[in-house]
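# Descriptive structure summary
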Amino acid sequence: MKNISVVDNYLLRYLSAFENSFFQEDLKYLKKTETKKSISKTLNQRLKTVLQPFFDKIIRKELQSINPLFAKFPQLATEETLSVAFSKIEEKLKEEPSFIPAGLIENTIVDFANFIRCFLSDFERNKTFIEQTLFDGKVITEITDISATLCLGHEQGCFVLIINTNSGRFVYKKHDCRTDVWLHDFLMHFFVGHVYSPKC
């Protein structure tokens, strides 16, 4: 849909700036081009999730200017009408758009970059434990892909990461995982064969 491409095109300059800055750092385990692309893709999804309410609001506003009925029933707008509305939004995006709160994009990117750094620090500190606990001692030499849940995230940009490595896949949450471990052990002790619980 055109509204998706409008947002993607607008975010390109922010993503390019992020890549030029973030990937200049010495990021161990994030050397592969495919891994870097997965991080940029995850950031792009994160930004679109954060911006969605503001784009929905301005789309309704533009549709209403064409026909007041569309304010309550945007689904009645034809493809041609939507195209006109998105073209107007595209024009607004050529300058700093007033409908996006100042600093929202920049702050989201900073939080995201800090969260990835935090993950890498935690991963480096717990790497041996992860290898022994989750992958039967198989050494992790590279991270091949990083993706995230598409929720808005927790406080200060934290959310759940899905990490793929040469040794296997694991989930990263920025909290004390002892509760997860306890639940896993409980389920495996009392409900083994009836309930699946991923290894913690």
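In what follows, the structure referred to is the one given above.
Everything numeric here is computed off the predicted structure, so don't read it as measured data.

Here we take up the nonpolar core. F18, F55, I89, I105, F119, I143 and L161 are the most contacted members of the largest nonpolar core, which has 51 residues in total. For this core, the secondary-structure elements that each account for two or more residues are α1 (2-22), α2 (33-66), α3 (79-92), α4 (104-134), β1 (143-148), β2 (161-165) and β3 (169-172). Ranked by the residues each element gives to this core, the list is headed by α4, at 11 residues.

Now for the side chain of T81. With respect to the element layout, T81 can be found in helix α3. Excluding residues within four positions of it along the chain, T81 makes contact with L63, I66 and F70.

It is worth spelling out the environment of A77 at this point. Take A77: it is sitting in the loop between α2 and α3. For A77 and I66, which are 11 residues apart along the polypeptide, the C-alpha to C-alpha distance reads 9.6 Å. Excluding its chain neighbours within four sequence positions, the residues that come into contact with A77 are L63, F70 and L82.

The next point concerns the packing of aromatic side chains. Taken as a whole and assessed by the stated rule, the structure comprises 12 aromatic pairs. Measuring from ring centre to ring centre gives 5.7 Å for Y10 and Y14, while their planes differ by 65°; the resulting arrangement is edge-to-face. Of this pair, Y10 and Y14 are both found in helix α1, four residues apart, which corresponds to roughly one turn of the helix. Summarising the aromatic geometry, the rings of Y29 and F123 are spaced 5.2 Å apart at their centres and angled 90° between planes, so their arrangement reads as edge-to-face. Residue Y29 is located in the loop between α1 and α2, and its partner F123 is located in helix α4; the two are separated by 94 residues in the primary sequence. Looking at Y29, the relative accessible area reads 12%, which means it is buried. Within the aromatic cluster, the residues linked to one another by ring pairs are Y29, F115, F119, F123, F135, F170 and Y172.

Our next topic: the sheet that holds β3. One open sheet accounts for three strands, arranged β1-β2-β3; its pairing is antiparallel. Each end of this open sheet is capped by a strand with a single partner; those strands are β1 and β3. Each adjacent strand pair in this sheet contributes to an overall mean axis angle of 20°, direction not counted. By the bridge criterion, four bridges tie β2 to β3 in an arrangement that is antiparallel. Following the sheet pairing, N164 is matched in β3 by R169. Packing of α4 onto the sheet brings it into contact with β1, β2 and β3, and relative to β3 it is tilted by some 130°.

This part takes up a nonpolar patch on the surface. A cluster of nonpolar side chains, contributed by L69, F73 and L76, occupies part of the molecular surface with about 270 Å² of accessible area. Structurally, L76 is set in the loop between α2 and α3. Among the residues examined, L76 registers a relative accessible area of 48% and is labelled partly exposed.

The rules we used
- Residues numbered from 1 in each chain as written.
- Predicted model: local features only at pLDDT ≥ 70, side-chain atom pairs only at ≥ 80, totals over all residues.
- Heavy atoms only, no water.
- Core = buried A, V, L, I, M, F, W, Y, C linked by side-chain atoms within 4.5 Å.
- Buried < 20%, exposed > 50% of the residue type's maximum accessible area, 1.4 Å probe, protein only.
- Helix = DSSP H or I, 4+ residues; strand = E, 2+ residues; numbered from the N terminus.
- Contact = heavy atoms within 4.5 Å.
- Phe/Tyr/Trp six-rings, centres within 6.5 Å; stacked < 30°, edge-to-face > 60°.
- Pairing = 2+ DSSP bridges.
- Axes fitted to C-alpha atoms, helices over the stretch in contact; angles between N-to-C directions.
- Patch = residues over 30% accessible without salt bridge, like charges linked within 9 Å, V, L, I, M, F, W, Y side chains within 5 Å.
- Areas by Shrake-Rupley, 256 points an atom, 1.4 Å probe, with all protein chains shown as cover.
- Salt bridge = Lys/Arg side-chain N within 4 Å of Asp/Glu carboxyl O.

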